[in-house]
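Here is how the chains run, residue by residue.
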Amino acid sequence: NAGVMQNPRHLVRRRGQEARLRCSPMKGHSHVYWYRQLPEEGLKFMVYLQKENIIDESGMPKERFSAEFPKEGPSILRIQQVVRGDSAAYFCASSLGDRETQYFGPGTRLLVL
Amino acid sequence: AQSVAQPEDQVNVAEGNPLTVKCTYSVSGNPYLFWYVQYPNRGLQFLLKYITGDNLVKGSYGFEAEFNKSQTSFHLKKPSALVSDSALYFCAVRDIYGNNRLAFGKGNQVVVIP
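Small disclaimer: the values here were computed from a predicted structure and weren't measured.

Within chain B one finds 0 helices and 12 strands. Its helices and strands in sequence order give chain B the pattern β-β-β-β-β-β-β-β-β-β-β-β, from N to C terminus. For 114 residues, the compact-globule estimate of 2.2 N^0.38 gives 13 Å, and chain B sits close to it at 13 Å. In chain B, buried positions account for 46% of the 114 residues. Looking at chain B alone, contacts between residues at least 24 apart form 57% of all its contacts between residues at least 6 apart. Accessible area for chain B stands at about 5300 Å²; split by element, carbon and sulfur atoms hold 50% of it.

What follows is the structure in structure tokens.
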């Protein structure tokens with residue numbers, strides 16, 4: 001029973017490039033969450049999605065960041081025109097329902113040069 | 001707004017001794033409380049949660065946590081620490097009436113000394 005899968009595990013981008021982070025939830029889970037972990041800090045909520053819907057994006061930066069969870073395929077967190085401050089670990093979590101335990105993937109570590 | 005505080009940066013404990021990792025919370029209503037553990041360069045692994053019921057919650061790998069409403073605390077405990085318990089531990093909370101986002105503490109590094 002595969003857990004939450006994220007790819008790539010490590011991503012290096014130069015300033016101004018785009019970063020695409022992918023998350024496949026656990027089998028049967030239709031709720032996906034994205035969190036960001038900056039160095040020496042805890043995780044900060046970014047966005048909560050269900051299939052084809054953004055439920056809560058209150059933690060997303062207003063510009064350059066977007067997320068989707070299409071009917072088919074993984075959830076995508078997209079960062080346009082990356083800056084050095086975007087360097088962080090990005091974690092995806094999924095849950096069976098909207099009040100169920102969130103299970104986390106291994107994360108994508110983004111480094112912006 | 002919901003939040004948790006983990007007051008200690010690092011907890012050092014000798015192997016075989018009891019381990020306690022502290023967490024206090026703040027929510028507007030009743031809390032859902034969680035503990036996760038993170039090993040180096042890995043994701044977070046779920047340990048246990050408190051929703052309702054018994055104040056003492058038992059979880060994975062011999063860990064347990066005690067919910068104390070009057071002190072707004074949810075300390076993680078293990079009777080006898082193992083070297084393999086050395087990791088980063090996160091407490092998290094969400095308001096049962098609010099949205100699903102988890103608010104995490106900054107984490108506690110636990111070092112178990114052989």
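For the rest of this paragraph, the subject is the nonpolar core. All names here are of chain B. By size, the foremost hydrophobic cluster in this structure holds 28 residues, and its most contacted members are Leu19, Trp35, Leu47, Leu48, Phe74, Leu76 and Tyr89. Among the elements that make up this core, the one with the highest residue count is strand 10 (residues 87-95) (4 residues). Apart from residues lying up to four places away in sequence, Tyr89 is in contact with Gln6, Val21, Trp35, Tyr36, Val37, Leu47, Phe63, Leu76, Gly107, Asn108 and Val110.

A few words now on the state of the cysteines. If you walk through the whole model with that rule in mind, you get 2 disulfides over all chains. There is a disulfide in this structure between A:Cys23 and A:Cys92, and the S-S distance comes to 1.8 Å. Judged by the sign of its S-S torsion, about -55 degrees, the cystine formed by A:Cys23 and A:Cys92 is left-handed. Of this pair, A:Cys23 sits in strand 3 (residues 19-24) while A:Cys92 sits in strand 9 (residues 88-95), and the two are 69 residues apart along the sequence. On the basis of relative accessibility, which here comes to 0%, the residue A:Cys23 falls in the buried class. The disulfide that involves B:Cys23 links it to B:Cys91, with 2.0 Å between the sulfurs. Sign of the S-S torsion, about -65 degrees for the bond between B:Cys23 and B:Cys91, identifies this disulfide as left-handed. Linking B:Cys23 in the loop between strand 3 (19-21) and strand 4 (24-26) with B:Cys91 in strand 10, this pair joins segments that are 68 residues apart in sequence. Of the two residues, B:Cys23 and B:Cys91, neither departs from the other in class, the shared state being buried.

Criteria and cut-off values
- Residues numbered from 1 in each chain as written.
- Chains lettered and ligands numbered in written order.
- Predicted model: local features only at pLDDT ≥ 70, side-chain atom pairs only at ≥ 80, totals over all residues.
- Heavy atoms only, no water.
- Helix = DSSP H or I, 4+ residues; strand = E, 2+ residues; numbered from the N terminus.
- Rg over C-alpha atoms; globule rule 2.2 N^0.38 Å.
- Buried < 20%, exposed > 50% of the residue type's maximum accessible area, 1.4 Å probe, protein only.
- Contact = heavy atoms within 4.5 Å.
- Areas by Shrake-Rupley, 256 points an atom, 1.4 Å probe, with all protein chains shown as cover.
- Core = buried A, V, L, I, M, F, W, Y, C linked by side-chain atoms within 4.5 Å.
- Disulfide = S-S within 2.5 Å.

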